[in-house]
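Remarks on the overall topology
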Amino acid sequence: MQTVYTVLILLLVVGGTRLAAQLIPLPLPLIQIAAGAMLAWPSLGLHVGLDPELFMFLFIPPLLFADGWRMPKGEFWKMRWPILTLAFALVLFTVVGGGVFIHLLIPEIPWAAAFALAAVLSPTDALAVSAIAQNRLPKRLMHVLQGEALMNDASGLVAFKFAIAAALTGTFSLVDASLNFLLVAVGGLASGVFLSWLLGRIRAWMIRRGWDDPATHVVLMLLLPFACYMIAEELGVSGILAAVAAGMMQSWVDLLPRQTNTRLLNRSVWSMLEFTFNGVVFLLLGLQLPDILKSVAHHADDVMWRSSLLAFYVFAVFAVLLALRFGWVWCYWKISVRFEQWWGIELGGKPGEPVLRLSAISALSGVRGAVTLAGVLSVPLLLLDGSAFPQRDLIIFIAAGVILVSLIAATIGLPILLRGLPAASNDQRELEVQGVWRKTAAAAIHMLESEEVPASEGGGDADETARLAEMKARLMAEYRHELDPAPDSKEARERARALELADQALRIKALRAQRLELYRMRREHEIDDETMREVLGELDNQEAWVTSKAGRWV
């Protein structure tokens, strides 16, 4: 029962921190970390023991799956070069540069453990940055940060697992590690794509047989990231990359026909789970902080000196990571502008942009978050020979400290750096969405014009036929004016039922015609994923409203 009580307390506090964030002008992760530290205070005494492997399995797959699902694929492809260089080349640069610095700074941390710490510090958290910047980041930069956060979560954690394996075995070969990395990465991506595609085929088969209960489909999709992770790990490939690939693939599979209610339920469930899992991870960081501090300082004769030294380690590691990221981004933007001028290849740079300031913004935007914490807490307790993992408590302390400092630095620094930059304009996006609505409304009107007015019950009631024709004309007018609400029926129950069901049938056909037009525009790259997701969500809401409204006559 104690475990049940602990889980319920954590969930209650996660919900409470969301309410507190409305009153306290701090990023939500900082509030959750502080709440966790308060729960671990001796007077409350809440303690949670963590199994590293269970922690990794429970939190990493769903978080990465959700990131892959949410990532706009069109924007990812447009900004592929800056995203891939940040997500892979910068991760390698950070692992090597950061690992060398950490070992030289703290010789007690072996080389493999130092590289593992640098690797787990390489993933970034775009959600935290978005909350801090309050949508004031340039749109192109935000898309790059989102794509980078998705891919470097996977690449950083894969590098982290290789470094941990080297620390456990005491052997490391660069050539073997590079080949293994390639095989593990490709195998993980392939297994994730295949399993997600397979689930899509199974769901399509279920729908054709009439088994379209939304709860069943949502449960299958909730199990998908865990299944991908477990199967990929059993096959000896990356379960992390399998979860990412499954999420990216599933965003396309989610467009299956006759799945309006499933999509609505799925969005709600995954939004809740993503918020809950992120919140619990940061709460667990706060809960672990007192024990981490005790473990790294208990043997020191001079507590003040030891505390100052530990704080210096955290700030030094953060400063080096910041400098590595700033230097990489600045050099990339300079080089990309030259490439565009010489060869006309769009790599993400843009002449005339304030490169120095944008590089500083990008560097501060490299906030570490839930994935870093989940990874570092999965560091094993023992080596293969049964001895304690070297400096495990110090590694966890430095990672937790860098997470805190990166959040605080972004909270203070980003508003200053963004001051004077033009705020991100939504005008272009609003025009794009309006254009999509016009095209989908035109598709619905075209369908309605070709639809014959259904014959009235009894076959000879001219008044009833006229009313049905009037209803059709009214529905077409609604699509022309979009905001004109339909009046309530005042007829007798049976007549109202017939009219309402006919109205429902026409509305659903019109909405599905809009949805088909929307899919066509996305297939032909006339709109991006964000626009499609926004309009599709509104169409699903309208269809759910129409279905529930007419359901009272059934």
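Remember, predicted model here, so these are calculated numbers, not experimental data. (Residues numbered from 1 in each chain as written. Predicted model: local features only at pLDDT ≥ 70, side-chain atom pairs only at ≥ 80, totals over all residues. Heavy atoms only, no water.)

**Focus on the overall build of the chain**
Test applied: Going along the chain from the N terminus, every DSSP run of H or I of four or more residues is numbered as a helix, and every run of E of two or more is numbered as a strand. Any residue under 20% of the maximum accessible area for its type is buried, any over 50% is exposed, and the rest in between are partly exposed; the area is computed with a 1.4 Å probe on protein chains only. Between two residues, a contact is recorded if the distance between any of their heavy atoms is within 4.5 Å. The accessible surface values rely on the Shrake-Rupley method and a 1.4 Å probe; as for residues, cover is taken only from the protein chains in view.
The number of helices and strands found in the chain is 20 helices and zero strands. Out of the 554 residues belonging to the chain, those deemed buried represent 51%. A fraction of 80% describes how many contacts in the chain between residues 6 or more apart in sequence connect residues 24 or more apart. Summing over all exposed atoms, the chain offers an accessible surface of approximately 26900 Å²; the carbon and sulfur share of this is 66%.

**Focus: the side chain of Thr124**
Applied cut-off: Polar contacts, as used here, are pairs of N or O atoms within 3.5 Å; protein pairs need one atom able to donate a hydrogen and one able to accept it. Residues neighboring in sequence count only if both atoms are side-chain atoms.
Within the secondary structure, Thr124 sits in the loop between helix 6 (111–120) and helix 7 (126–133). Polar side-chain contacts of Thr124 include one of 3.1 Å to the side chain of Asn152.

**Examining empty space enclosed by the protein**
Rule in force here: Throughout, the protein atoms alone are placed on a 1 Å grid, and a set of points is a cavity if a 1.4 Å probe fits but cannot get out or a pocket if it is open with protein on both sides within 12 Å along at least five of seven lines; lining residues have an atom within 4 Å of a point. Grid points are joined across faces, edges and corners, and a volume is the space filled by probe spheres set on the points. When residue character is reported, Ala, Val, Leu, Ile, Met, Phe, Trp, Tyr, Cys and Pro are called nonpolar, Asp, Glu, Lys and Arg charged, and the others, Gly included, polar.
Taken as a whole and assessed by the stated rule, the structure comprises two cavities of 30 Å³ or more. Secondary structure elements with two or more residues in the lining of the largest cavity: helix 5 (80–105) and helix 8 (139–169). Counting residues per element, the lining of the largest cavity draws most heavily on helix 5, at four residues. Counted by class, the lining of the largest cavity contains three nonpolar, four polar and three charged residues.

**Describing the pattern of salt bridges**
To be explicit about the condition: Salt bridges are counted wherever a side-chain nitrogen of Lys or Arg sits within 4 Å of a carboxyl oxygen of Asp or Glu.
Inspection of every chain in the model, using the stated rule, returns six salt bridges. As a salt-bridge pair, Arg325 and Glu148 come within 2.6 Å of each other at their nearest N and O atoms. Within this pair, whereas Arg325 is found in helix 13 (residues 303–343), its partner Glu148 is found in helix 8, the two being separated by 177 residues in sequence. For the pair Arg325 and Glu148, a shared accessibility class is recorded, and that class is buried. In this structure, Asp540 engages Arg267 in a salt bridge whose closest nitrogen and oxygen atoms are separated by 3.1 Å.

**Some words on the packing of helix 1 (residues 2–20) against helix 2 (residues 28–39)**
Stated precisely, the cut-off is as follows: Only the stretch in contact is used when a helix axis is fitted, and all axes are lines through C-alpha atoms; the angle between N-to-C directions ranges over 0 to 180 degrees. Oblique is the label for any angle not under 35 degrees, not over 145, and not in the 65 to 115 range, which are roughly parallel, roughly antiparallel and roughly perpendicular in turn. In this scheme, a crossing is called left-handed if the near helix is turned counterclockwise away from the far one by less than a right angle; it is called right-handed if the turn is clockwise.
At their nearest, the axes of helix 1 and helix 2 sit 10 Å apart, and the two run at 130° to each other. One finds that helix 1 runs oblique with respect to helix 2. The chirality of how helix 1 crosses helix 2 is right-handed. Contacts between helix 1 and helix 2 involve Val13, Val14, Thr17, Arg18 and Ala20 from the first element and Leu28, Ile31, Gln32, Ala35 and Leu39 from the second. Among the residues making up the contact of helix 1 with helix 2, the classes are represented as seven nonpolar, two polar and one charged.

**Looking at helix 8**
Rules: Residue count minus one, scaled by 1.5 Å, sets the expected span of a helix. A residue's bend is simply the angle between two axes: one fitted to the seven residues ending at it, one to the seven starting at it.
Taking 1.5 Å as the rise per residue, helix 8 with 31 residues should run 45 Å; its terminal C-alpha atoms sit 45 Å apart, in good agreement. Most pronounced at Asn152, the bend in helix 8 amounts to some 30°. Just past helix 8, the residue Gly170 takes up positive phi, approximately 80°.

**Observations regarding the confidence of the model for the chain**
Here is the rule: On a range of 0 to 100, pLDDT expresses the predictor's confidence in each residue.
Taken as a whole, the chain shows an average pLDDT of 79; of its residues, 81% reach a score of 70 or greater. No element of the chain has a lower mean pLDDT than helix 18 (residues 462–481), at 67, and none a higher one than helix 6, at 93. Note on residues 483–491: pLDDT is under 50 here. Beyond four places in sequence and across chains, it has eleven contacts. Every residue in residues 550–554 scores below 50 in pLDDT, and together they form eight contacts with partners more than four places removed in sequence or on other chains.

**Some thoughts on the packing of aromatic side chains**
The line we're drawing: Pairing of aromatic rings covers Phe, Tyr and the six-membered ring of Trp, with a centre-to-centre limit of 6.5 Å; geometry is then stacked below 30 degrees between planes, edge-to-face above 60, and tilted otherwise. Note on geometry: a ring has a charge over it if NZ (lysine) or CZ (arginine) is within 6 Å of the ring centre and within 35 degrees of the ring normal.
All chains considered together, the criterion is met by eleven aromatic pairs. Between Phe65 and Trp69, the ring centres sit 5.5 Å apart and the planes meet at 85°, which makes this aromatic pair edge-to-face. Note that Phe65 and Trp69 are positioned in helix 3 (residues 52–70) at a spacing of four residues, about one turn of the helix. Overall, Phe65 belongs to the buried group, its relative accessible area being 0%. Relative accessible area serves as the criterion here: at 14%, Trp69 is assigned to the buried category. Taken together, the ring pairs in this structure connect Phe57, Phe226 and Tyr229 into an aromatic cluster. Sitting over the ring of Phe275, Arg18 keeps its end group 5.0 Å from the ring centre.

**As for a nonpolar patch on the surface**
This is how the line gets drawn: Each patch is built from residues that are more than 30% exposed by relative accessible area and take part in no salt bridge. Like charges join if they lie within 9 Å; nonpolar side chains (Val, Leu, Ile, Met, Phe, Trp, Tyr) join within 5 Å.
Together, Val4, Tyr5, Val7, Leu8, Ile9 and Leu11 make up an exposed nonpolar region whose accessible area comes to about 520 Å². Residue placement: Leu8 occurs in helix 1.

**So, the nonpolar core**
Convention followed: To form a nonpolar core, buried Ala, Val, Leu, Ile, Met, Phe, Trp, Tyr and Cys residues must be joined to one another through side-chain atoms within 4.5 Å.
Grouped together as the largest cluster of nonpolar side chains are 111 residues, with contacts concentrated most on Ile109, Val376 and Ile398. Discounting chain neighbours no more than four positions away, the residues touching Ile109 are Ile102, His103, Ala114, Gln391, Leu394, Ile395 and Ile398. Val436, Ile508, Leu511 and Leu536 belong to the second-largest nonpolar core, a separate cluster that totals 14 residues.

**Details of the packing of helix 2 against helix 16 (residues 392–418)**
Interhelical geometry of helix 2 versus helix 16 gives an angle of 140° and a closest axis separation of 10 Å. One way to sum up the angle between helix 2 and helix 16 is to call them oblique. In terms of crossing hand, the pair formed by helix 2 and helix 16 is left-handed. Seen from helix 2, the contacting residues are Pro29, Leu30 and Ile33; seen from helix 16, they are Leu404, Leu407, Ile408 and Thr411. In terms of residue class, the contact of helix 2 with helix 16 is built from six nonpolar, one polar and no charged.

**Thoughts on helix 2**
Residues lying three or four places apart along an α-helix face the same way, a consequence of the helix completing one turn every 3.6 residues. Spanning twelve residues, helix 2 covers 17 Å between terminal C-alpha atoms, matching the ideal 16 Å at 1.5 Å per step. Burial runs high along helix 2: nine of the twelve residues are buried. If you check which residues of helix 2 are buried, you get Leu28, Pro29, Leu30, Ile31, Gln32, Ile33, Ala35, Gly36 and Leu39.

**Focus on the environment of Met56**
Turning to its location among the elements, Met56 is positioned in helix 3. Judged by its relative accessible area of 6%, Met56 is buried. Once the C-alpha coordinates of Met56 and Ser378 are considered, the two residues, 322 residues apart in sequence, prove to be 5.9 Å apart. In this structure, Met56 is in contact with Pro61, Phe160, Tyr229, Gly375 and Ser378, ignoring residues within four places of it in sequence.

**What to know about unusual backbone geometry**
In this structure, Gln391 is a non-glycine residue whose phi angle is positive, near 55°. Checked against the element boundaries, Gln391 lands in the loop between helix 15 (370–376) and helix 16.

**Some thoughts on the environment of Gly68**
Along the chain, the position of Gly68 falls in helix 3. The class for Gly68 is buried, based on a relative accessible area of 0%. Sequence spacing of Gly68 and Met248 is 180 residues, and the spatial spacing of their C-alpha atoms is 4.5 Å.

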